[in-house]
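Spelled out, the chains give:
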There are 4 protein chains.
Amino acid sequence: LGVVERKAWKLGCVDVIVVDARESFCKEYLTPAIRANAVYEGKYPLSTALARPLIAQRVVEAARRHKAKFVAHGATGKGNDQVRFDVSFAALAPELKIIAPVREWSMTREQEIEYAKKNNIPVPVDVHNPYSIDANLWGKSTECGVLEDPWVEPPADAHNWVSPIEKTPDKPAYCTIDFKTGVPCGLNGKEMKLIDIISRLNQLGAQHGVGLIDMVENRLVGIKSRETYEAPAASVILAAHRDLESLTLTRDLLHFKRIAEERYAELVYDGLWFTQLREALDVFFAHTQHRVDGTVRIKLLKGNCRVVGRKSPFSLYDESLATYDEGDRFDHTAAVGFIKLWGLPHKVAAATEKKKK
Amino acid sequence: LGVVERKAWKLGCVDVIVVDARESFCKEYLTPAIRANAVYEGKYPLSTALARPLIAQRVVEAARRHKAKFVAHGATGKGNDQVRFDVSFAALAPELKIIAPVREWSMTREQEIEYAKKNNIPVPVDVHNPYSIDANLWGKSTECGVLEDPWVEPPADAHNWVSPIEKTPDKPAYCTIDFKTGVPCGLNGKEMKLIDIISRLNQLGAQHGVGLIDMVENRLVGIKSRETYEAPAASVILAAHRDLESLTLTRDLLHFKRIAEERYAELVYDGLWFTQLREALDVFFAHTQHRVDGTVRIKLLKGNCRVVGRKSPFSLYDESLATYDEGDRFDHTAAVGFIKLWGLPHKVAAATEKKKK
Amino acid sequence: LGVVERKAWKLGCVDVIVVDARESFCKEYLTPAIRANAVYEGKYPLSTALARPLIAQRVVEAARRHKAKFVAHGATGKGNDQVRFDVSFAALAPELKIIAPVREWSMTREQEIEYAKKNNIPVPVDVHNPYSIDANLWGKSTECGVLEDPWVEPPADAHNWVSPIEKTPDKPAYCTIDFKTGVPCGLNGKEMKLIDIISRLNQLGAQHGVGLIDMVENRLVGIKSRETYEAPAASVILAAHRDLESLTLTRDLLHFKRIAEERYAELVYDGLWFTQLREALDVFFAHTQHRVDGTVRIKLLKGNCRVVGRKSPFSLYDESLATYDEGDRFDHTAAVGFIKLWGLPHKVAAATEKKKK
Amino acid sequence: LGVVERKAWKLGCVDVIVVDARESFCKEYLTPAIRANAVYEGKYPLSTALARPLIAQRVVEAARRHKAKFVAHGATGKGNDQVRFDVSFAALAPELKIIAPVREWSMTREQEIEYAKKNNIPVPVDVHNPYSIDANLWGKSTECGVLEDPWVEPPADAHNWVSPIEKTPDKPAYCTIDFKTGVPCGLNGKEMKLIDIISRLNQLGAQHGVGLIDMVENRLVGIKSRETYEAPAASVILAAHRDLESLTLTRDLLHFKRIAEERYAELVYDGLWFTQLREALDVFFAHTQHRVDGTVRIKLLKGNCRVVGRKSPFSLYDESLATYDEGDRFDHTAAVGFIKLWGLPHKVAAATEKKKK
């Protein structure tokens, strides 16, 4: 029996259902997230945010199996997770009532720990180790404790996935990631399932110090918080994916996609997974990816993840157009006309203002 | 006499004007660029792009002093610089005719080198060292040669600003950057001019391997090209600036600003400096920055530039709202109502679709 | 004494302050709203939404004069106005507590009317005439009653500003509006204050049946509602303003401004007037308007408001470029080069996909 | 034989192919355009712009049937159509060379007319009737002549589709349009094909004076031009479609869709039909429309097209939430919490700035 299971039985639950939903997580959540380059406020790959709607789905399934009238979660009243749970429940099963004791009782972390002790609920923190942690395949988040002061550098004990740079190997690791329709499908030339690629890159990235994130982020509920994340695989995969897109998608598409990506990350962060706009954006992103096939070569060294090569059967990079050497097929004379019309409105505008003055 | 000056006199110019425009560059171009977090396609800090309109301004001044009817530049017919020069000239001095021999004669790089040799024009490349380079205070770009194959890792000889990670110090360097209205004004607690802060950070960043960029980018003239950049100071300053903004600006402002930033970077890249929209966006950005005062603490190590602390008199991070410990002033009960209305449209939408099926 | 004043004294208020804030409304609210073409969801000119923060300002002033600890408003718990009031109060005077009886007591409109009767509070509706109405210089909104069914055509009694088309004059009215930096400053060639121009156009527009709006709109609090508005002056002025912008602003600026306008209208609608982003957007819009001088000629007839002429000293329309007749100064040969590069990325993309198949 | 056919044979063509492509136009072009509410710069429903890529497709088919090496079109060097043709040809058949005599010879309209006369080419204009006209199912555009002065009101002879308001019936016409997945499928309760609905609404709308557009628009080639359009059916259908969307789509989706719509209209206008981004946006729009079923009731009168009723099986308008009368199911107390968190960031920001001052 696992830790959670034992804990649940011990606390007197009438049933305990432990689910390994990693395959669903990869297929239904991480696949669209990768295609969307989903990153909140330029940094956070949404590991926890992406998992919440999936958990809500499974909780609803369990509730229905048990004909339950209530569902409960342990999220606090000032975080994002309560929103993600509650909004998902409301969309999937509006008939279920939600119990959220931590939110309802408005306890401080100290009070929660005390309550747990008094009621023999085993909790993985104590007052002296007060980080609040959540982890899954796509990353780990660590907050609270000394991290609450955004001026303080995260101490060594705050992170245990990603190696401190000082302890990483002196030799770089190179790896290639193969993509098919925007999703990793192979590592170092060997076909692999997404779940296995992520696991392997979490290991490899962490070993080389890649994937530490330290940020002040804007919670949906109106406050700023200082958060730290460890996301080795997400960092590597998203860097590679973005790079392959730069090779295979047109400028027009790439530039508009960035705007759609920002909106998408907001939606996921804000708990709006089961909504019209998220679904429609996923369809948009999925369609853009039918050309995002190819291979990206990555160099991992001392906390750095550098894309050092990329190729694709759909590459729009045309050496015969780009080269400055022999074999150049680009029509240089076209540029003169192009620039003339490109600059024309601004030439007219500048002349008009000068005339006015 | 400098290299350029000697070369010009030797080639028989009637006059040679060499200008140190770095102060103007800092004040009129880098200051707004920092406030706008100006980065093209997520990576390129626009070092060359920002310098072109300034060069055009000075060329126009010189042309007017000499009552010239023509101005010339050496940009090719397939790059971005010709657009930046020509559009700037058209806005500033539409009466001047533009000569661009490299574009007009459509020579390959080999032919250019040959031409230069035949005409005794000293050039800093030869067929065996065929990188095309441009450098200024804000960064250095290197393209051509083996870099034209996007699958090939940049060889060691391609970059000489940023140290290879293998050769960087094992000890981290910490530094603090002070900002005033969004612009660096001090280093390690000492007030300094922007130009000096950039110079110092170029040195320090380069020493620690920070600021190497390798990308496939979309040129305005319709082709993709593989570009590499070295921009140590730009990398450090922009990371620090973005982080300080995350502490001092509201979520609404930050999220909209990202969209405006993308557009701004496009405009600068596309040679549209002297235009209505660029000017209006600068006014927008400048206004947002009156609260972006404060200090950011940076750790440089082995190619990594990590923000490890940030503080500001305008900080919107309120520990008494964010904390999970005693002293929490956040109203937890408010969340229930918030979530109810936040999720309401999606609850209705989900119910409607279910009913339909 | 006015109606409101009499009513207040009669109800036993300790003091009554009636303010004519129309000049402030024009200067501080309508001026930026016109420059921003502020219209929510493509239709609603935000008449009520723009007035709420101004009312909040004056209420706060009064509260401070009286050293009050509480402020009250009569907004319900499901409308937008409560948000606009509460958020404005929170920004301007966070120390004031807010009382909102209608919201707190959760009464239906019937119960409210009954309560009012029982307590001798004169109210302008009864159960048989149950429209809920708000009106100011910029427009009038009418909701509730039969209008709650979005399939029902608004009955004749729902609107009393705008004439039914059947009763409007058969002869068109022409008028010209002069603009200075994006704001109306004259009518039919005569200099006038904004407040007088609006009053006059409300009259003239209403007489010709212009300015009726019927829409299903999305409230901030998560529900859709059917709203009707009468806004003759706003309709005419915004049509004229947009048209003058099309003559004086570049395409780049106009297209980006549309995105910023949408965001601005959301902010105003959502009660976020006293916020960083609204202020920064206003600075942006104001800067764009220094060229929006000129005159627009309008034809009003039978519910139609057509711009039939526009001119400006800053006009970017250049007949010598646009004409197809003699005098054409446009360089037709430039187009060939322009199109070649404009289409190049898409030509490459199409070829790549064909090759793949 | 039709006019075009006779003209072609008379001029000595080796073959003449006249195609009725209206069904394709409806299915492949107007259907996505309606779903996207495609309107350029807030006014122009893109009638000509949407037809060009379809014409290019058919020309390419014909060229291939004849094993032609060249294709020709009559677009000038300063309009948008040359871009739409050339870019479409380049994407569909890059091997074909393009001949565009009007552009290549740089003739004025007078010279063109003279050339036509000299060569016995019948043309529908003369110097005294110099409007340039293009028309199809989706609208008619009229430019040139006196219209080139944006201050001049279009004279009566400029438009012959839409009746002058003075000559329209005094009685309104009501009609209902049924939509299925965002596309009209019935009129007045009778199932009809899109092509027939458009034809009928062109008639009916024109009769009632609906669909006249007069604007200064930004051409892609860098100049402003004054354009007038007649688009009765497009005006009615787009008004109805937008309204039905407001009933069936969530606020989040609607607001983002507006941004995507602007970009889409730009792409279509700019000749970028056969591109990655246009295709991906169409997939996005199509997905959003699976709920846009329902009926819209329209009142046409004296140039006005007013939506006076709308209903849908997917309606998100919930009278029990929206009503202020008995039966209200909205939780009024939720609003207090909602507003607290909604305004929280701005309260903190306001307090911070006050403290600073």
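Above this note sits the structure.
Worth saying up front: this structure is predicted, and the values here are computed from it rather than measured.

Draft legend 1. How the structure looks around the sheet that holds strand β7 (residues 190–191) of chain D. Residue and element names in this part refer to chain D. On the basis of which strands lie adjacent, the open sheet formed by 5 strands has the order β7-β6-β5-β10-β11 and antiparallel pairing. For this open sheet the edge positions go to β7 and β11 (304–311), each flanked by a neighbour on one side alone. Where strand β10 (residues 294–301) and β11 come together, 7 bridges link them in antiparallel fashion. Its bridge partner being in β11, L301 is matched across the sheet by N304. Across the face of the sheet, helix α8 (residues 232–248) comes into contact with β5 (173–180), β6 (183–187), β10 and β11 while running at roughly 35 degrees to β11.

Draft legend 2. Just the interface of chain D and chain C, in detail. Contacts between the two partners involve 103 residues from chain D and, on the opposite side, 103 residues from chain C. Of the roughly 9,300 Å² buried between chain D and chain C, counting both surfaces, carbon and sulfur atoms make up 56%. At the junction of chain D and chain C, the tally comes to 14 salt bridges. The salt bridge partner of E153 of chain D is K299 of chain C, with a shortest N-O separation of 3.6 Å. At the junction of chain D and chain C, the tally comes to 34 residue pairs in polar contact (both at pLDDT 80 or more). Ranked by residue count, the leading element in the side of chain D that touches chain C is helix α12 (residues 332–356) of chain D, at 13 residues. Its residues assigned to classes, the side of chain D that touches chain C comprises 44 nonpolar, 24 polar and 35 charged.

Draft legend 3. Seen up close, the interface of chain A and chain B. Across the boundary between the two partners, chain A contributes 102 residues, which contact 102 residues of chain B. Summing both partners gives a buried area of about 9,300 Å² for chain A against chain B, and 56% of it is carried by carbon and sulfur. Taken together, the links from chain A to chain B amount to 14 salt bridges. Here chain A is connected to chain B by 35 residue pairs in polar contact (both at pLDDT 80 or more). Of the residues that constitute the side of chain A that touches chain B, the class distribution is 44 nonpolar, 23 polar and 35 charged.

Draft legend 4. Spatial organisation of the sheet that holds strand β9 (residues 224–230) of chain D. Residues and elements named next belong to chain D. Strand order in the open sheet formed by 4 strands is β3-β4-β9-β8, and the pairing between neighbours is antiparallel. At either margin of the open sheet sits one strand with a lone partner, and together these are β3 (132–136) and β8 (212–218). Sheet twist, expressed as the average angle between the axes of neighbouring strands with direction ignored, equals 20 degrees. With 3 bridges joining them, strand β4 (residues 139–143) and β9 adopt antiparallel strand pairing. Considered in β9, the bridge of K140 is made with E230.

Draft legend 5. Focus on helix α6 (residues 109–118) of chain D. All names here are of chain D. Inspection of α6 places R109, E112, I113 and A116 among the buried residues, and these make up the whole buried set. The arc that holds every buried residue of α6, seen down its axis, measures 95 degrees, which confines them to one face. Those residues of α6 that are exposed and angled more than 90 degrees off the buried face are E114 and K118. Looking at the packing, one finds that the buried side of α6 touches α5 (101–105) and β3. Downstream of α6 by a residue or two, N120 has a phi angle that is positive, lying close to 60 degrees.

Reading the values: the criteria
- Residues numbered from 1 in each chain as written.
- Chains lettered and ligands numbered in written order.
- Predicted model: local features only at pLDDT ≥ 70, side-chain atom pairs only at ≥ 80, totals over all residues.
- Heavy atoms only, no water.
- Pairing = 2+ DSSP bridges.
- Helix = DSSP H or I, 4+ residues; strand = E, 2+ residues; numbered from the N terminus.
- Contact = heavy atoms within 4.5 Å.
- Axes fitted to C-alpha atoms, helices over the stretch in contact; angles between N-to-C directions.
- Buried area = accessible area lost by both parts, 1.4 Å probe.
- Salt bridge = Lys/Arg side-chain N within 4 Å of Asp/Glu carboxyl O.
- Polar contact = N/O pair within 3.5 Å; in protein donor to acceptor, adjacent residues only side chain to side chain.
- Nonpolar A, V, L, I, M, F, W, Y, C, P; charged D, E, K, R; others polar.
- Buried < 20%, exposed > 50% of the residue type's maximum accessible area, 1.4 Å probe, protein only.
- Arc of directions from axis to C-beta.

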